[in-house]
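# Working through the structure, step by step
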Amino acid sequence: MIRSVWRRPSALTAIGGFSVAIAVLSVAITASIVLLMPDPPAVRMTVADAVAALRGTNAGLARTIGRPPDGTPATLLQPVLAQAIGRPIADVRVAWLDRSTRPTRGDGVVVFSARGKGDAAGKMLWPGGTPPVGSVVIRRQGGVLPMRIVPAGMPDLLIGKVLLTLPQPAFAASVRLADGRWLTVTPQSPIFGGWRLKVLVALVASLAVLAPLVWLFARRLTRPFRALASAIDDGRDPPQAQGPRELQDAARAILHLRARLSAETDERMRMLTAVAHDLRTPLTSLKLRIEAVPEPQRARMAADADRMGAMIADVLDYARTANATRHPVQVRTMVAEVVADLPTMCLMDGPEVTAIAVEPAFRRAVENLVRNAEDYAGGGRVEVANEDDTAIVRVIDAGPGIPPGDRTRLLRPFERGDASRSRETGGVGLGLSIVQTFADLHGGTVSLGEAEGGGTIATLAVPASIR
């Protein structure tokens, strides 16, 4: 029986599919709004507005000088404009700007005389009844524009005055100047009007709909990456059952790399432990032979042998730190025991702090920091605090300090400062690296800085246990 192996989709498939879906949805939303949204109201103006603008009065119209306007002539409005400005009709031009809104035969201005109740046109154009007998009615068919009623017996001049103030679709009005050019006034085009307004509304609506979807998809897509980064930072194995195929491949590669590095580290530690352990036998023989050497050479050789023994002990402690069991440690009590044997160091007052750690390794790390302050600075003070659920041990001295460029280097194994190379204080260079290893294994940090007034402040921070 053949079993099919299901593979999780790749990030390329997920991102590509979502991008296509977003593009289709955006086009659909935009097209729907553009098609369903009613057209913005057309621009309306009167002949009186055009007259005011031609005379220089601000009527909200744009003024240009040049050729007469192109477009279909508004023959009904040209005599009204000519009469209003007192110019011959040959010196004026009125043209409709928009073919879709200019009056046609079926939608033009109707001027008629109401003959009475039996007048069919009067009944059709006069809502709710019949206009007065003999009156003149001026209105646009369909009721789009207001209606004007001219009393019976009014001459054509007064009818023109009614047309002067009757709102019309947008048109261009021009008058010939003395130099033969034409002064033209037209409505000012709004920036967000007509089709621009519809497109802008469609884009804003698409953004409002799609932005939350994109944000949710981005969070869903990046959640496995955040889980992977968190697992690596916390020292846990990365999750392999989450996220796209590329992320799972990366998690497996990280696991393999971690296993390979762990094997190499263990092999180096075993070699280091074996070398340090094997050095004890010849060192013991050397100490026995030193006893036969006369003074003063014997004391100096014995001191060198003791220093070699201390170096070997440092190496063994460095190699064994990662393999011990962790237990709750009373940090202040432990630090007080370490400082009690050193008269040049003092422990400042403060609260008790509990941390889950390898107690011998924690003690050795604090001893290394404290003894460095005693050996290289002549003593100092120690502070223990709990800051943001973190156990803090600060060793502050008033010595010569450490140059900023050497602070990171001295935390690496077998690195020594100039002051530690003398016969009295020289070491193998594992003191601070043991502290760094302890901090790394416990998810903490160690840093070297400059204390106020000079000297060095060494800060060891490890997570405190939460009760």
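Residues numbered from 1 in each chain as written. Predicted model: local features only at pLDDT ≥ 70, side-chain atom pairs only at ≥ 80, totals over all residues. Heavy atoms only, no water.

Another point: the sheet that holds strand β14 (residues 390–397). The strand order β11-β13-β14-β16-β15 describes an open sheet built from five strands, whose pairing is mixed. The open sheet has two free edges, formed respectively by β11 (345–347) and β15 (445–450), since each of these has just one partner strand. Neighbour-to-neighbour, the strand axes of the sheet open up by a mean angle of 20°, direction not taken into account. In this structure, β14 lies alongside strand β16 (residues 456–463), joined through seven bridges in antiparallel fashion. (Pairing = 2+ DSSP bridges. Helix = DSSP H or I, 4+ residues; strand = E, 2+ residues; numbered from the N terminus. Axes fitted to C-alpha atoms, helices over the stretch in contact; angles between N-to-C directions.)

Ranked by size, the top nonpolar core spans 36 residues in total, and within it Val331, Val335, Met345, Phe362, Val382, Phe438 and Leu460 carry the most contacts. For this core, the secondary-structure elements that each account for two or more residues are α9 (331–340), β12 (354–357), α10 (359–377), β13 (380–386), β14, α12 (431–441), β15 and β16. Formed by 23 residues, the second largest nonpolar core is a distinct cluster that contains Leu77, Val92, Val94 and Leu183. (Core = buried A, V, L, I, M, F, W, Y, C linked by side-chain atoms within 4.5 Å. Buried < 20%, exposed > 50% of the residue type's maximum accessible area, 1.4 Å probe, protein only.)

Before going further, it helps to spend a moment on the sheet that holds strand β3 (residues 92–96). The four strands lie next to each other as β2-β9-β8-β3, forming an open sheet whose pairing is antiparallel. Looking at strand neighbours, the two that pair on one side only are β2 (61–66) and β3, the edges of this open sheet. The average angle at which neighbouring strand axes cross in this sheet is 20°, direction not considered. Looking at chain direction, strand β8 (residues 171–176) and strand β9 (residues 182–187) are connected through four bridges and run antiparallel. For Ala173, the partnering residue across the bridge sits in β9 and is Val185. Where helix α3 (residues 78–85) meets the sheet, it contacts β3 and β8, and its direction lies at approximately 140° from that of β3. (Contact = heavy atoms within 4.5 Å.)

What follows deals with the pattern of salt bridges. If you walk through the whole model with that rule in mind, you get nine salt bridges. Note that Asp306 is salt-bridged to Lys287, the shortest N-O span being 3.7 Å. Of the two residues, Asp306 is situated in helix α8 (residues 297–320) and Lys287 in helix α7 (residues 245–290); the sequence distance between them amounts to 19 residues. Classification of Asp306 by relative accessible area gives partly exposed; the value is 47%. Look at Lys287 and you get partly exposed, because its relative accessible area is 35%. Between Arg381 and Glu383 there is a salt bridge, and its shortest N-O distance comes to 3.8 Å. Accessibility expressed as a relative area gives 35% for Arg381, which makes it partly exposed. The structure contains a network of salt bridges with shared partners spanning Arg87, Asp91 and Arg176. (Salt bridge = Lys/Arg side-chain N within 4 Å of Asp/Glu carboxyl O.)

Take the packing of aromatic side chains next. To describe a pair of aromatic rings, one takes the distance between the centres and the angle between the planes. Using the criterion set out here, one finds two aromatic pairs in the structure. On the numbers, 6.2 Å between centres and 90° between planes, the contact of Trp96 with Phe171 is edge-to-face. Taken together, the positions of Trp96 in strand β3 and Phe171 in strand β8 put the pair 75 residues apart, joining distant regions of the chain. (Phe/Tyr/Trp six-rings, centres within 6.5 Å; stacked < 30°, edge-to-face > 60°.)

Attention now moves to the packing of α9 against α10. At a closest axis distance of 10 Å, the pairing of α9 and α10 adopts a crossing angle of 50°. Classified by the interaxial angle, the pair formed by α9 and α10 is oblique. For the crossing formed where α9 meets α10, the hand is right-handed. Counting all contacts with α9, which are made through Val331, Met334, Val335, Glu337 and Val338, the residues of α10 involved are Glu359, Phe362, Arg363, Val366 and Glu367. When grouped by side-chain class, the residues that make up the contact of α9 with α10 number six nonpolar, no polar and four charged. (Parallel < 35°, antiparallel > 145°, perpendicular 65-115°, else oblique. Left-handed = near helix turned anticlockwise from the far one by under 90°. Nonpolar A, V, L, I, M, F, W, Y, C, P; charged D, E, K, R; others polar.)

We now examine α3. Here α3 has its buried residues at Gln78, Val80, Leu81, Ala82 and Ile85. With its phi angle positive at about 70°, Gly86 sits one or two positions after the end of α3.

Glancing now at α9. When α9 is considered as a whole, its buried residues turn out to be Val331, Arg332, Met334, Val335, Val338 and Val339. Projected onto a plane normal to the axis of α9, the buried residues spread over an arc of 160° and lie on a single side. (Arc of directions from axis to C-beta.)

Before going further, it helps to examine the pairing of β15. Look at any regular strand and the pattern is simple: side chains alternate between the two faces of the sheet. As paired strands, β15 and β16 are joined by six bridges and run antiparallel to one another. Paired with Gly449 across the strands is Ile457, a residue of β16. Here β15 folds back onto β16, and the loop between the two strands holds five residues, one of which, Gly453, carries a positive phi near 80°.

Now for a positive patch on the surface. Among the surface-exposed residues, Arg219, Arg220, Arg223 and Arg226 lie close enough to one another that they form a single positively charged patch. As for its position among the elements, Arg220 is in helix α6 (residues 195–234). (Patch = residues over 30% accessible without salt bridge, like charges linked within 9 Å, V, L, I, M, F, W, Y side chains within 5 Å. Areas by Shrake-Rupley, 256 points an atom, 1.4 Å probe, with all protein chains shown as cover. Lys, Arg positive; Asp, Glu negative; His and termini not counted. Charge placed at Lys NZ, Arg CZ, Asp CG, Glu CD.)

Right, let's talk about the confidence of the model for the protein chain for a bit. Looking at the protein chain as a whole, its pLDDT mean stands at 75, while 72% of the residues score no less than 70. When the elements of the protein chain are averaged for pLDDT, helix α4 (residues 120–125) gives the smallest value, 41, and β8 the largest, 92. Across residues 1–5, where pLDDT falls below 50, the model places zero contacts with residues more than four positions away in sequence or in other chains. Counted against residues more than four places away or in other chains, residues 102–129, with its pLDDT under 50, gives 61 contacts. (pLDDT = per-residue confidence, 0-100.)

Now for the side chain of Ser206. By the secondary structure assignment, Ser206 is in helix α6. When neighbours within four sequence positions are excluded, Ser206 is seen to be in contact with Ser26, Ile29 and Thr30.

Turning our attention to the side chain of Ser174. Positionally, Ser174 belongs in strand β8. Polar contacts involving the side chain of Ser174 include one to the side chain of Thr184, which spans 2.6 Å. Other than its neighbours up to four places away in sequence, Ser174 contacts Pro68, Pro69, Leu81, Asp91, Val92, Arg93, Trp182, Leu183 and Thr184. (Polar contact = N/O pair within 3.5 Å; in protein donor to acceptor, adjacent residues only side chain to side chain.)

With that settled, consider the pairing of β14. Among the eight residues that make up β14, seven are buried, leaving the element largely enclosed by the rest of the structure. Bridging between β13 and β14 involves seven bridges; their strand directions are antiparallel. The residue bridging Gly380 from the neighbouring strand is Asp397, located in β14. Connecting the antiparallel pair β13 and β14 is a turn made up of three residues, with Asp388 showing a positive phi of about 55°.

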